[in-house]
Amino acid sequence: MAMLSGWHRRMCEEDFKLMFGLFWSMRALATALDPKNPTKQQMGAPMRIGDGCSFNSFRTSSYKLHFLESPSGLKFVLTTDPSVGSMSEQLQYIYASLFVELVVKNPLYTPGEPFLFEPFSAALNKYMRTLGLLS
């Protein structure tokens, strides 16, 4: 499930596959290069959620992508202007205070299935406005 706001195009299935591959590759690279890990994991070796090292963001010349993987493996992605600092705390808030409270605890929610709950969308948009990320 993807919630897009401010994008000027609709994402297709191929976009989601590319994003999954990007996140998988970035995590594998971060784990392989981790100087604090005494046992080096082979690049591309399968990892369980929570194992290995993770990445929080990367920057291009036109945007910065912020990333959070929940304990259940759900991925939260936020793109901002490249000058924006870390959004780790904000993504954690979106997960714990908005997603868990308004989606996971909703009796109509089925894990793994796409959802569209207006209270979550409204709360997320309101929060993004308070951060100055949505007009």
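Quick caveat, the model's predicted, so the values are computed rather than measured. (Residues numbered from 1 in each chain as written. Predicted model: local features only at pLDDT ≥ 70, side-chain atom pairs only at ≥ 80, totals over all residues. Heavy atoms only, no water.)

Chemist: Please explain the pairing of strand β3 (residues 75–80) as it appears in this structure.
Modeler: In summary, the side chains of a regular strand alternate between the two faces of the sheet. Here β3 shows one buried face, formed by Phe76, Leu78 and Thr80, and one open face, formed by Lys75, Val77 and Thr79. Two strands pair when backbone bridges link them, and strand β2 (residues 64–69) and β3 are joined in this way by six bridges, in the antiparallel orientation. Bridge pairing in β3 places Lys64 opposite Thr80. What sits between the antiparallel neighbours β2 and β3 is a turn of five residues, in which Gly73 has the positive phi angle 95 degrees. (Buried < 20%, exposed > 50% of the residue type's maximum accessible area, 1.4 Å probe, protein only. Helix = DSSP H or I, 4+ residues; strand = E, 2+ residues; numbered from the N terminus. Pairing = 2+ DSSP bridges.)

Chemist: What is the right way to read the packing of aromatic side chains from this model?
Modeler: Given two aromatic rings, their pairing is described by the distance between the two centres and the angle made by the two planes. Tallied over the entire structure, the rule returns 12 aromatic pairs. Between Phe76 and Tyr95, the ring centres sit 5.6 Å apart and the planes meet at 70 degrees, which makes this aromatic pair edge-to-face. Of this pair, Phe76 sits in strand β3 while Tyr95 sits in helix α2 (residues 88–104), and the two are 19 residues apart along the sequence. Pair check on accessibility: Phe76 and Tyr95 agree, each one buried. Ring plane angle 80 degrees and centroid distance 5.5 Å describe the contact between Phe76 and Phe99, whose orientation is recorded as edge-to-face. Placement of the pair is Phe76 in strand β3 and Phe99 in helix α2, with a sequence separation of 23 residues. Accessibility expressed as a relative area gives 11% for Phe76, which makes it buried. For Phe99, a relative accessible area of 4% corresponds to the buried category. (Phe/Tyr/Trp six-rings, centres within 6.5 Å; stacked < 30°, edge-to-face > 60°.)

What is shown is where atoms sit, not what they do.
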